[in-house]
Amino acid sequence: MHQAGLNKVAIITGATGGIGAAFARTLSSAGYALVLNAPSTEKLCALREQLSGPCVAIAGNLRAESMPRTLLDSAIEHFGRCDVCFNNSGLLEAGSIESLDIERVCNMVRVNVEGAFRMAYTFLQHFAAQGRGHLVNTSFALTQRVQPAVGAYAATKYAVEALSEALRMELSQTEVLVSCVEPGMVRTGIRGQWRETHVEPIDSGETFEPAALARMMLSVLEPPKPFASMRHAEAGLAQV
Ligand SMILES: NC(=O)c1ccc[n+]([C@@H]2O[C@H](COP(=O)([O-])OP(=O)(O)OC[C@H]3O[C@@H](n4cnc5c(N)ncnc54)[C@H](OP(=O)(O)O)[C@@H]3O)[C@@H](O)[C@H]2O)c1
């Protein structure tokens, strides 16, 4: 594969999940050095075995306030720089009003919103100070089609989209890029969580394989030549 990301460094949260792991494999093959985060040391080690390039794994929960700084410091310590933050960790809690456990919903909000916001601000402050960098947040295409029983999950993704759009505007005169990927249904573990709730999955048409999504996401980081000079004001909000 063409080593598009040679000498670049990317951080991936939720790296042991379907989308995060596929993107880790794609970026590693493209020449990126990686800092990977997820709660499970075991799963991170298994993923590291599959990667061809340099990689550091930091196990830990994104609910920990210090985690974003730990990940950034690790990239600087091991690789001397950080170019990309893929803000991808996420949980899904779905169910009817009668069945939802509010503590589980609040835990989802802490990971999907607070964790994502802390990552976004920590990395954007670093990118703004160094004058370049790319933050990629993860939303959900179906936030445009909210349905009963997944309102709280959709609300967390609306929050990420609103933040992404505002940050993109705020940084539009700089070389710091903010993107928000909005996948449709992707074949990952999160779909199992959905099934457990006995809520009918949203019929979104095609279901993507994580590897196919990862290839599309690489083009957000490394746009094909004719688009490479487009200002991110036009290219910033990506729906894949
Ligand atoms: N799959 C879809 O159809 C779809 C569609 C649109 C958007 N998305 C979004 O894409 C992102 C990735 O989802 P996925 O489909 O790849 O789901 P997944 O396979 O369930 O992966 C989720 C990842 O987040 C990690 N994670 C969970 N709680 C965490 C915490 N407290 N701190 C740090 N990491 C935590 C998981 O770790 P463990 O492996 O240890 O659980 C896993 O690595 C999510 O934000 C999701 O909302 C998914």
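Each remark here, short or long, concerns the structure printed above.
Residues numbered from 1 in each chain as written. Predicted model: local features only at pLDDT ≥ 70, side-chain atom pairs only at ≥ 80, totals over all residues. Heavy atoms only, no water.

Quick look at the side chain of Glu 93
Move 1: In this fold, Glu 93 is placed in the loop between β4 (84–87) and α4 (102–130).
Move 2: Glu 93 sits in the buried class, given a relative accessible area of 12%.
Move 3: Only 3.2 Å separates the side chain of Glu 93 from the side chain of Arg 104, close enough to count as a polar contact.
Move 4: What Glu 93 contacts, discounting residues up to four positions off in sequence, is Arg 104, Val 105, Met 108 and Tyr 153. (Helix = DSSP H or I, 4+ residues; strand = E, 2+ residues; numbered from the N terminus. Buried < 20%, exposed > 50% of the residue type's maximum accessible area, 1.4 Å probe, protein only. Polar contact = N/O pair within 3.5 Å; in protein donor to acceptor, adjacent residues only side chain to side chain. Contact = heavy atoms within 4.5 Å.)

Topic: the side chain of Thr 138
Move 1: Assignment of secondary structure puts Thr 138 in strand β5 (residues 133–138).
Move 2: Given a relative accessible area of 7%, Thr 138 falls into the buried group.
Move 3: Reaching out from Thr 138, the side chain makes a polar contact with the backbone oxygen of Asn 87 at a distance of 3.1 Å.
Move 4: Residues within four places of Thr 138 in sequence aside, it is in contact with Phe 86, Asn 87, Asn 88, Lys 157, Val 160 and Val 181.

Some remarks on the environment of Cys 82
Move 1: Counting through the fold element by element, Cys 82 comes out in the loop between α3 (67–79) and β4.
Move 2: In this structure the C-alpha to C-alpha distance between Cys 82 and Val 9, which are 73 residues apart in sequence, comes to 5.0 Å.
Move 3: Once you skip the residues sitting within four places of it in the chain, Cys 82 turns out to touch Val 9, Ile 11, Leu 72, Ala 75, Ile 76, Phe 123, His 126, Phe 127, Gln 130 and Arg 132.

Brief notes about the nonpolar core
Soluble, globular proteins show a tendency: their nonpolar side chains are buried together.
Move 1: If you look at the biggest cluster of nonpolar residues, it comprises 28 residues, and the most contacted ones within it are Ile 12, Phe 23, Leu 27, Tyr 32, Leu 34, Leu 36 and Phe 86.
Move 2: Of all the secondary-structure elements, those providing two or more residues to this core are β1 (9–13), α1 (18–29), β2 (33–38), α2 (41–49), β4 and α7 (210–221).
Move 3: It is α1 that contributes the most residues to this core, 6 residues altogether.
Move 4: With residues up to four places along the chain from it excluded, the contact list for Leu 34 reads Ala 10, Ile 12, Ala 24, Leu 27, Ser 28, Leu 51, Pro 54, Cys 55, Val 56 and Phe 79. (Core = buried A, V, L, I, M, F, W, Y, C linked by side-chain atoms within 4.5 Å.)

Concerning the site of the ligand
Move 1: Looking at the ligand, there are 29 residues lining it, with Thr 16, Asn 61, Tyr 153, Val 186 and Thr 188 nearest.
Move 2: At 3.2 Å, a backbone N or O of Gly 14 approaches an oxygen atom of the ligand.
Move 3: The contact in question runs from a nitrogen atom of the ligand to an N or O atom on the side chain of Ser 89, over 3.0 Å.
Move 4: Protein burial of the ligand: of its 890 Å² of free accessible surface, 91% is covered by the chains.
Move 5: When residues of the shell around the ligand are traced back to their parent elements, those giving at least two are α1, α5 (151–170), β7 (185–186) and α6 (190–196). (Near = heavy atom within 4 Å. Areas by Shrake-Rupley, 256 points an atom, 1.4 Å probe, with all protein chains shown as cover.)

Some details on the packing of aromatic side chains
Move 1: All chains considered together, the criterion is met by 3 aromatic pairs.
Move 2: Judged by centre distance (5.4 Å) and plane angle (65°), the rings of Phe 140 and Tyr 153 are edge-to-face. One end of the pair, Phe 140, is in the loop between β5 and α5; the other, Tyr 153, is in helix α5, and 13 residues separate them in sequence.
Move 3: Judged by relative accessible area, Phe 140 falls into the buried class, the value being 7%.
Move 4: Overall, Tyr 153 belongs to the buried group, its relative accessible area being 8%. (Phe/Tyr/Trp six-rings, centres within 6.5 Å; stacked < 30°, edge-to-face > 60°.)

Overview of α4
Move 1: The terminal C-alpha atoms of α4 lie 41 Å apart, and with 29 residues this matches the ideal 42 Å at 1.5 Å per residue to within 8%.
Move 2: Of all the bends found along α4, the most pronounced is centred on Arg 110 and spans about 30°.
Move 3: One side-chain oxygen of the residue at the start of α4 lies 2.9 Å from the amide nitrogen of Glu 103, identifying that residue as Asp 101.
Move 4: Count one or two residues on from α4 and you reach Gly 131, which has phi positive near 85°. (Expected span 1.5 Å × (residues − 1). Bend = angle between axes of the 7 residues up to and from the residue.)

Structural notes on the pattern of salt bridges
Pairing between side chains of opposite charge can happen when the charged atoms of each approach one another.
Move 1: As enumerated under the stated definition, the model contains 9 salt bridges in all.
Move 2: Glu 165 is the partner of Arg 168 in a salt bridge, and the nearest nitrogen-oxygen pair spans 2.8 Å. Taken together, the residues Arg 168 and Glu 165, both in helix α5 and 3 residues apart, mark about one turn of the helix.
Move 3: Owing to a relative accessible area of 12%, Arg 168 belongs among the buried residues under this scheme.
Move 4: Several salt bridges share partner residues, and in doing so they unite Glu 65, Glu 114 and Arg 118 into one network. (Salt bridge = Lys/Arg side-chain N within 4 Å of Asp/Glu carboxyl O.)

Purely geometric numbers; function is a separate question.
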